[in-house]
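Fold and contact review
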Amino acid sequence: MDCPSEHGQMITEPLLRNRKGGIRTLPFILANEAFESLANYGLLPNLIIYLTIEYRIDAAKGAHILFLLSSAINFTPILGAFLADTYVGRYRMIGFGCMGSLLGMVLLWLTTFPEARPPPCVQFSYNCKSATTLQLLLLYTAFCFLAIGAGGIRSSSLAFGADQLGTSNSLQHARIRESFFSWYYGIVAASVFLGMTFVVYIQDNIGWMVGFGVPVVLMILSSLSFFVASPSYVKSKPRASWITGLTQVVVGSIRNRRIKLSSQATDKVDYHTKGSMLLVPSEKLRFLNKACIIRNPQEDLTPDGKASDPWSLCTVDQVEDLKALIKVIPIWSAGMLKSVNVSQSSFLILQASTMNRHITSKFEVPAASFPSVVVLVITTWVVLYDRIIIPLVSKVKGKIVCLNLKQRMGIGILLSTISMAALAIAESFRRETAIKEGFPDNPHAQLHISAMWLLPYFVLSGLAEAFNAIGQNEFFYTELPKSMSSVASTLQGLGLSAASLVSSFIVSAVRDFTKGEAQESWVSSNINKGHYDYYYWLLTILSLVNFIYYLVCSLSYGPCREEKWFNR
């Protein structure tokens, strides 16, 4: 039980005693992220339909554009984190992101005006006019600002909220921080779900002008929520970035490449900071050890014991941080390849738009809302797994029972493979139905086949994400040193960014290799003439190969830290 003095400190320190920061600023930060996520995820799902119908862009090309957009949105937060930590600070980075996102959404809303997009016509007729260069420039500029804005906000929002709670290591502060993280992820998940359902429903039933205007209003509310509390924020100054430290190790190793390393004990001295637990580097990746060898103390060190040139002499901790990062890359790459399956939502929305999506005679689920099932499954499974399944199994076994991190990631990759097979089967039936009903030349015809055929894919994909994506985040956090926590938090997003680029490459390759003079490509704009089922079977095979690759990487990695702890 907390004593009165401790309890009083828990209440007054963040709320009353400090003039800056504290719990009172967190609602504004949470509102900023909630409105931003709601606005963005209300725009992204329906973009493939907007591009193919309103701009008459080929389905494969439209997916290629959206793959690049998704890659940019997942990559810019990494760049934003580097700039925030090193140069501008988190407050300015979030403010810059708010303005970028708002400008991008306003520009995208302007494309809904008749003068800003191609004139309407009968789809696939020969007299349809293509978008002009200026019209496409406006569209692509909007996408660029959306990516820039996401990089500004998402790179710094969570860390900026944690800054408001101070650096105290007391139990009370730890509990407050844990509560903030829980609320943060919970609110983001709820915002994503609402964006994929509520905002998408408006676009489908009221129109693009209103449907794209709502995110503009939401982004205005997001910006106001953030800036209104500006006088109360704690605004930490920029500091050295982890990217700089890792780069210094690489540069130092190259500069000192002529140093010879012996496998036997020598009189060489390794540079380490005062109080460091690591006095000598490990023997793995020994070439990097050259970056921390002190050759001449008088020249390499300043009078106070610091490196005179950090680009030639690094600490043992810096060297081991880079080694730890290199070691997890194979596991990361397997998770990245798994994310290729998640990147196929653009094609899925095109399929769902042709299927029967009525729940009742009067209510029809928007095609772009189907990916929200993944979010719902992830949330449901996390609660079931953490609060019901694990406690129940542990009670039956009489001891704590849980899957280790590598098992969870492997199960996720396997489930993702099965989900693609389920999607290939569903698309095969959908295409056969379209041909039987006489719509081979009309890719927008409504078919008498239920969109519920797609649910197995979304459910399995959600479970795959719950096992693999969450497992990846925990794996990176536990396996990398605490000094690299920011690296761990960005690796998942970097994987999603890389997966979008790989998906774009695969689609382009499939389109080029399967298209002939008298033959539609597998990923044709006319999904009834194409063979998306073959494309999904290809991804299934690649996913199975990736699962085998993951097993090899997992065995090569050895036991995780948590496994070593449990085996003691």
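Note that this is a predicted model, so its numbers are computed, not measured.

**Focus on the overall build of the chain**
Looking only at helices and strands, the chain has 19 helices and two strands in total. Residue burial in the chain is summarised as follows: out of 568 residues, 50% are buried. Contacts in the chain between residues far apart in sequence, at least 24 positions, make up 80% of those at least 6 positions apart. Only carbon and sulfur atoms are counted for the fraction: they give 66% of the accessible area of the chain, which is about 28000 Å².

**Looking at a nonpolar patch on the surface**
Together, F75, L79, L83, Y87 and V88 give the surface a local cluster of nonpolar side chains, amounting to about 450 Å² of exposed area. Mapped onto the secondary structure, L83 falls in helix α4 (residues 59-88). Taking the relative accessible area as the measure of exposure, L83 reaches 31% and is therefore partly exposed.

**So, helix α2 (residues 26-43)**
Compared with the 26 Å implied by 1.5 Å per residue over 18 residues, the 26 Å span of α2 between its first and last C-alpha is a close match. The buried fraction of α2 is high, at 13 of 18 residues.

**A word on the side chain of S225**
Take S225: it is sitting in helix α9 (residues 208-227). A polar side-chain atom of S225 sits 2.6 Å from the main-chain carbonyl oxygen of L221. When residues no more than four places from it in sequence are discounted, the contact partners of S225 are F28, A31, N32, F35 and Y233.

**Topic: the pattern of salt bridges**
Per the stated rule, a full pass over the model turns up 10 salt bridges. Notably, a salt bridge pairs R117 with E54, separated by 3.6 Å at the nearest N-O pair. With R117 in the loop between α5 (90-110) and α6 (133-154) and E54 in helix α3 (residues 47-54), this residue pair connects regions lying 63 residues apart in the sequence. A salt bridge links D441 to K529, with the shortest nitrogen-to-oxygen separation between them at 2.8 Å.

**Some remarks on the environment of K529**
Here K529 is to be found in the loop between α17 (485-514) and α18 (532-557). Note on K529: relative accessible area 37%, which makes it partly exposed. Expressed as a C-alpha distance, the spacing of K529 and A434, which sit 95 residues apart in the sequence, is 9.4 Å. With near-sequence residues (within four places) excluded, K529 lies in contact with R431, P440, D441 and E520.

**A short note on the packing of α2 against α9**
Direction vectors running N to C along α2 and α9 enclose 165 degrees, while the axes themselves pass 8 Å from each other. The angle between α2 and α9 falls in the class roughly antiparallel. Like other packed secondary-structure pairs, α2 and α9 cross with a definite hand, here left-handed. Taken together, the residues of α9 that come into contact with α2 (itself represented by F28, A31, N32, F35, E36, L38, A39 and L43) are F212, P215, L218, M219, L221, S222, S223, S225 and F226. A breakdown of the residues in the contact of α2 with α9 according to their chemical character gives 12 nonpolar, four polar and one charged.

**Regarding the confidence of the model for the chain**
Averaged over all residues, the pLDDT of the chain equals 84, while 89% of them reach at least 70. A low-confidence stretch, residues 1-16 (pLDDT under 50), is modelled with 17 contacts involving residues beyond four sequence positions or located in other chains.

**Focus on the packing of helix α15 (residues 405-436) against α18**
As a packed pair, α15 and α18 sit with axes 8 Å apart at the nearest point and diverge in direction by 165 degrees. The angle between α15 and α18 falls in the class roughly antiparallel. Regarding α15 and α18, the two cross each other, and that crossing is left-handed. Across the contact of α15 with α18, the residue classes tally to 15 nonpolar, seven polar and three charged.

**Side note on a positive patch on the surface**
There is a patch of like positive charges on the surface, built from R19, K20, R92 and K235. Given the relative accessible area of 42%, K235 is considered partly exposed.

**Some remarks on empty space enclosed by the protein**
The final tally for this structure, using the stated rule, is one cavity of 30 Å³ or more. Its volume calculated, the largest cavity comes out at about 40 Å³. Tallied by class, residues from the lining of the largest cavity come to two nonpolar, two polar and five charged.

**Comments concerning the nonpolar core**
Counting residues in hydrophobic clusters, the biggest one holds 128 residues, and the most contacted among them are L108, F143, F347, F475, Y535 and Y536. When residues in this core are grouped by element, the largest group, 11 residues, is from helix α12 (residues 316-342). If near-sequence neighbours (up to four positions away) are discounted, F475 is found in contact with V328, I331, L405, M409, Y557 and C560.

**Quick word on the packing of aromatic side chains**
On inspection of all chains with the given rule, the structure shows 26 aromatic pairs. For the pair Y91 and Y233, a centre-to-centre distance of 6.1 Å together with 55 degrees between the ring planes defines the contact as tilted. Separated by 142 residues along the polypeptide, Y91 in helix α5 and Y233 in the loop between α9 and α10 (242-255) bring together distant segments of the chain. The pair formed by Y91 and Y233 is uniform in burial state, with each residue classed as buried. Counting every residue linked through ring pairs, the aromatic cluster contains Y91, F160, F226, F227 and Y233. Geometry around Y91 places K235 over its ring, the cationic atom sitting 4.1 Å from the centre. Directly above the aromatic system of Y557 lies the positively charged group of K327, at a separation of 4.5 Å from the ring centroid.

**Focus: the environment of V510**
As for its position among the elements, V510 is in helix α17. The spacing of V510 and Y535 is 25 residues in sequence and 7.7 Å in space, taken between C-alpha atoms.

**Comments concerning the side chain of T417**
Topologically, T417 is positioned in helix α15. Assessed through its relative accessible area of 7%, T417 is described here as buried. Among the polar contacts made by the side chain of T417, one reaches the main-chain carbonyl oxygen of I413 at a distance of 3.0 Å. Those residues within four positions of T417 in sequence are excluded, and the remaining contacts are N341, T540, S543 and L544.

**Section: unusual backbone geometry**
The backbone of R56 shows a phi angle near 55 degrees, a positive value even though the residue is not glycine. Tracing the backbone through its elements, the reader meets R56 in the loop between α3 and α4. Its identity is not glycine, yet L285 carries a phi of approximately 50 degrees, on the positive side. Here L285 lies in the loop between β1 (269-270) and β2 (293-294).

The rules we used
- Residues numbered from 1 in each chain as written.
- Predicted model: local features only at pLDDT ≥ 70, side-chain atom pairs only at ≥ 80, totals over all residues.
- Heavy atoms only, no water.
- Helix = DSSP H or I, 4+ residues; strand = E, 2+ residues; numbered from the N terminus.
- Buried < 20%, exposed > 50% of the residue type's maximum accessible area, 1.4 Å probe, protein only.
- Contact = heavy atoms within 4.5 Å.
- Areas by Shrake-Rupley, 256 points an atom, 1.4 Å probe, with all protein chains shown as cover.
- Patch = residues over 30% accessible without salt bridge, like charges linked within 9 Å, V, L, I, M, F, W, Y side chains within 5 Å.
- Salt bridge = Lys/Arg side-chain N within 4 Å of Asp/Glu carboxyl O.
- Expected span 1.5 Å × (residues − 1).
- Polar contact = N/O pair within 3.5 Å; in protein donor to acceptor, adjacent residues only side chain to side chain.
- Axes fitted to C-alpha atoms, helices over the stretch in contact; angles between N-to-C directions.
- Parallel < 35°, antiparallel > 145°, perpendicular 65-115°, else oblique.
- Left-handed = near helix turned anticlockwise from the far one by under 90°.
- Nonpolar A, V, L, I, M, F, W, Y, C, P; charged D, E, K, R; others polar.
- pLDDT = per-residue confidence, 0-100.
- Lys, Arg positive; Asp, Glu negative; His and termini not counted.
- Charge placed at Lys NZ, Arg CZ, Asp CG, Glu CD.
- 1 Å grid on protein atoms, 1.4 Å probe; cavity = no way out; pocket = protein on both sides within 12 Å on 5 of 7 lines; lining within 4 Å.
- Points joined across faces, edges and corners; volume = space filled by probe spheres on them.
- Core = buried A, V, L, I, M, F, W, Y, C linked by side-chain atoms within 4.5 Å.
- Phe/Tyr/Trp six-rings, centres within 6.5 Å; stacked < 30°, edge-to-face > 60°.
- Lys NZ or Arg CZ within 6 Å of the ring centre and 35° of its normal.

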